[in-house]
Amino acid sequence: AQKITQTQPGMFVQEKEAVTLDCTYDTSDQSYGLFWYKQPSSGEMIFLIYQGSYDEQNATEGRYSLNFQKARKSANLVISASQLGDSAMYFCAMRFSGTYKYIFGTGTRLKVLA
Amino acid sequence: DTAVSQTPKYLVTQMGNDKSIKCEQNLGHDTMYWYKQDSKKFLKIMFSYNNKELIINETVPNRFSPKSPDKAHLNLHINSLELGDSAVYFCASSQRRDITDTQYFGPGTRLTVL
């Protein structure tokens, strides 16, 4: 069965430090896309970064990077130089070839400390 | 310009009432979705339409009925509201049926059933 696991329900990080949010997945498909979304306390879902299963290089978007380890089936989000505004829920999601459906993890609540 | 919009943002109603939530996207996407996010922040897909055709219909009480008058609009009607329907409902849209396709979310509608 296709499944996404985010094992960290909550995390703290000091402002200006880097933090890694874990995401592992279970699939036998070879073709899939991995996404990270941010949900601040205001409630909206904000797309952050995308990684394709065939991409050889890790995706980066500004302070966000995705540490993609295909053999380990992990797609961890790395936030560098954390800011107070990074405090939010973060969701990992997947989409598989030939389907319209996205699967979401249970989320990690990140709190950045001043 | 708001890419995916939902109305209303907040909805407070009594048990047994019928209510609707409207969603519109101006991204030119072909596929739209409804998600339910419960109090634990778990995101569950409910329905999806592609070019006005229902393509995803998850295990949802038949009190919930989606309707897509055109590919830019997807509405959700809920009959005989129950306490357990209280949640945040998100509309989302995406363009293509492939793994690179990013899903964009509306701001959410917080439904409270009293």
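Scroll up for the structure.
Residues numbered from 1 in each chain as written. Chains lettered and ligands numbered in written order. Predicted model: local features only at pLDDT ≥ 70, side-chain atom pairs only at ≥ 80, totals over all residues. Heavy atoms only, no water.

### Regarding the packing of aromatic side chains
This is how the line gets drawn: Side-chain rings of Phe, Tyr and Trp (the six-membered ring for Trp) are treated as a pair once their centres are within 6.5 Å; stacked means planes under 30 degrees apart, edge-to-face means over 60, and tilted covers the remaining angles. Secondary structure is summarised from DSSP: a helix means a run of H or I of at least four residues, a strand means a run of E of at least two, and numbering begins at the N terminus for each. Exposure categories follow from relative accessible area, calculated using a 1.4 Å probe and restricted to protein chains: below 20% of the type maximum is buried, above 50% is exposed, and the middle band is partly exposed. Distance and angle both matter: a charge sits over a ring if NZ of Lys or CZ of Arg is within 6 Å of the ring centre and within 35 degrees of the ring normal.
Taken as a whole, this structure holds 15 aromatic pairs over all chains when the rule is applied. On the basis of an interplanar angle of 65° and a centroid distance of 5.9 Å, the ring pair of Tyr37 of chain A and Phe47 of chain A is categorised as edge-to-face. Separated by 10 residues along the polypeptide, Tyr37 of chain A in strand E5 (residues 32-39) and Phe47 of chain A in strand E6 (residues 46-52) bring together distant segments of the chain. Residue Tyr37 of chain A is classed as buried on the basis of its relative accessible area, which comes to 0%. A residue is classified by how much of its surface remains accessible, and Phe47 of chain A, at 25% relative accessible area, is partly exposed. Every member of this aromatic cluster is reached through a ring pair, and the members are Phe35, Tyr37, Phe47, Tyr50, Tyr102 and Phe104 of chain A together with Tyr33, Tyr35, Phe90, Tyr104 and Phe105 of chain B. Here the basic side chain of Arg63 of chain A rests over the ring of Tyr64 of chain A, its NZ or CZ set 5.8 Å away from the ring centre.

### Observations regarding the pairing of strand E5 (residues 43-50) of chain B
Residue and element names in this part refer to chain B. Note the cut-off: Two strands are said to pair when DSSP picks up at least two bridges between them.
Within E5, 7 of the 8 residues are buried, leaving the element largely enclosed by the surrounding structure. Note: strand E4 (residues 31-37) against E5, 7 bridges, orientation antiparallel. Across the sheet, residue Trp34 finds its bridge partner in E5, namely Phe47. Counting the residues between successive antiparallel strands, the hairpin from E4 to E5 contains 5 residues, one of them, Lys41, with a positive phi of roughly 75°. Where E5 and strand E6 (residues 53-57) come together, 4 bridges link them in antiparallel fashion. When the sheet's bridge partners are listed, Tyr49 is paired in E6 with Leu54.

### Notes on the pattern of salt bridges
Basically, it comes down to this: We define a salt bridge as a side-chain nitrogen of Lys or Arg found within 4 Å of a carboxyl oxygen belonging to Asp or Glu.
Taken as a whole and assessed by the stated rule, the structure comprises 6 salt bridges over all chains. Asp101 of chain B serves as the salt-bridge partner of Arg95 of chain A, at 2.9 Å between the closest nitrogen and oxygen. Of this pair, Arg95 of chain A sits in strand E10 (residues 88-96) while Asp101 of chain B is found in the loop between strand E9 (87-94) and strand E10 (104-105), placing the two residues in two different chains. As far as the burial class goes, Arg95 of chain A and Asp101 of chain B line up, both buried.

### Things to note about the interface of chain B and chain A
Note the threshold: Contact between two residues is taken to exist if any of their heavy atoms lie within 4.5 Å; hydrogens are not considered. Summed over both partners, the accessible area (1.4 Å probe) lost when two parts come together is defined as the buried area. Here a polar contact is taken to be a pair of N or O atoms separated by no more than 3.5 Å, where protein atoms must pair a possible hydrogen donor with a possible acceptor and residues adjacent in sequence count only if both atoms sit in side chains.
Taken together, the 25 residues of chain B in the interface contact 25 residues of chain A. Here chain B and chain A share an interface that buries about 2100 Å² over both sides, 60% of which is from carbon and sulfur atoms. When the area that chain B buries against chain A is broken down by residue, the three leading residues are Lys41, Arg97 and Ile99 of chain B, summing to 32%. Scanning the region where chain B abuts chain A turns up 2 salt bridges. Ionic pairing is found between Glu58 of chain B and Lys101 of chain A, a salt bridge with its closest N-O pair at 3.2 Å. Along the contact surface separating chain B from chain A lie 6 residue pairs in polar contact (both at pLDDT 80 or more). Taken together, the elements giving at least two residues each to the side of chain B that touches chain A come down to E4, E5, E6, E9 and E10 of chain B. Top element by residues in the side of chain B that touches chain A is E4 of chain B. It accounts for 4 residues.

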